[in-house]
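Listed below, chain by chain, are the residues.
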Amino acid sequence: MRVVVLISGSGTNLQAIIDGQQDGSLPIKIAAVISNKPDVKGLQRAETANIATAVVDHKQFESRESFDAALQLEIDKHQPQLVVLAGFMRILTPAFTAHYAGKMLNIHPSLLPKYQGLHTHQRAIDAGDSIHGVTVHFVTAELDGGPAAIQAQVKIDSNDTADTLAAKVQVQEHIIYPLAVKWFAEGRLHMQANQAWLDGKAL
Ligand code: GRF
C-alpha cells in the first residue's frame, strides 16, 4: 500500500513507520515524506531511508486554501492510498480533508475528545488528571475531531512535567501509530459515516 507521510518536525513517529516498513511488519511503501518546514530532522530520516522528500513551505502561500491546494498536488503525484499526518502542525481546510476522507490518519497527544489543540500535556497536568494518553484518528474537517481508531493511556505521576509526560506518551505513539497503519493497510480499519470500523465492528 502506498503511503505519503506529512511532517513538520523531528519525525519520531515517521521513524517508527519507516522501521515497520523496513523490518517487514508493515505492508506499505512510503512513497514520499512531505514537510511544511524546510530543514527539519524528519526530512533527514526520510533521506537516510531513501524515501523521496518534498517541502511545501506554508510561509510561501497567502492563504490556507492556496497552501492546501499546493500540498494536495504534491501528495497526489504519489497516488497514495493512505496519507499519514505525523506531527504535521497545520490546520487543514475542509476541501482538503474532504479530498482525503477515510484515507487520512492523524496522531494527537491526548485522549480525545479531551484536549483538542495544543499544549495537551500541560493541560492534562493542570486539570489534575491521573490518566493521559494519545489517539490515532481519521481526519475530518473538525480539528482533532475525526473518529478514533486507537488510543493508548499513560499514568500521570505527581512529579510529571509536560516534558516527562510527553516522553511517556511518545513511547505509546510509536506503538499505536504503526499498528493503526498496519490495520489500514490490511483492509481491517476504515471510516464510514464518520465512524471508525475495525474488523467490521464499530469502534
Ligand atoms: C507527537 O507528539 C504527536 O502526537 C504530535 O506531534 C508530535 C510529533 O512528534 N501531533 P514527531 O515529529 O513524530 O517526533
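Here the structure is a predicted model, which means the values were calculated and not measured. (Residues numbered from 1 in each chain as written. Predicted model: local features only at pLDDT ≥ 70, side-chain atom pairs only at ≥ 80, totals over all residues. Heavy atoms only, no water.)

A. Broad picture of the nonpolar core. Counting 42 residues, the largest nonpolar core has Val5, Val84 and Tyr177 as its most contacted members. Here this core gets 8 residues from one element, more than from any other, and that element is helix α6 (residues 162-185). Residues in contact with tyrosine 177, not counting those within four places in the same chain, are Asn13, Ile17, Val84, Leu85, Ala86, Leu105, Asn106, Ile107 and Val136. Counting residues in each nonpolar core, the second largest holds 18 residues, with Val4, Ala31, Ile34 and Phe96 among its members. (Core = buried A, V, L, I, M, F, W, Y, C linked by side-chain atoms within 4.5 Å. Buried < 20%, exposed > 50% of the residue type's maximum accessible area, 1.4 Å probe, protein only. Helix = DSSP H or I, 4+ residues; strand = E, 2+ residues; numbered from the N terminus. Contact = heavy atoms within 4.5 Å.)

B. Representation of the sheet that holds strand β9 (residues 195-198). Spatially, the 3 strands line up as an open sheet ordered β8-β9-β10, and their pairing is antiparallel. Only two strands of the sheet have a single partner each, and these edge strands are β8 (189-192) and β10 (201-202). By the bridge criterion, 2 bridges tie β9 to β10 in an arrangement that is antiparallel. Bridging across to β10, leucine 198 finds its partner in lysine 201. (Pairing = 2+ DSSP bridges.)

C. Structural view of the side chain of aspartate 57. Along the chain, aspartate 57 falls in the loop between β3 (53-55) and α3 (64-76). Within the local environment of aspartate 57, its side chain forms a polar contact with the backbone nitrogen of lysine 59, the two atoms lying 2.9 Å apart. (Polar contact = N/O pair within 3.5 Å; in protein donor to acceptor, adjacent residues only side chain to side chain.)

D. How the structure looks around the packing of helix α1 (residues 12-22) against helix α2 (residues 41-48). Across the interface, α1 lies against α2 with an axial gap of 9 Å and an inter-helix angle of 15°. Looking at the two axes, α1 sits roughly parallel to α2. Of the two elements, α1 crosses α2, and the hand of that crossing is right-handed. Across from Thr12, Leu14, Gln15 and Ile18 in α1, the residues of α2 making contact are Gly42, Arg45 and Ala46. Among the residues forming the contact of α1 with α2, the class breakdown is 3 nonpolar, 3 polar and 1 charged. (Axes fitted to C-alpha atoms, helices over the stretch in contact; angles between N-to-C directions. Parallel < 35°, antiparallel > 145°, perpendicular 65-115°, else oblique. Left-handed = near helix turned anticlockwise from the far one by under 90°. Nonpolar A, V, L, I, M, F, W, Y, C, P; charged D, E, K, R; others polar.)

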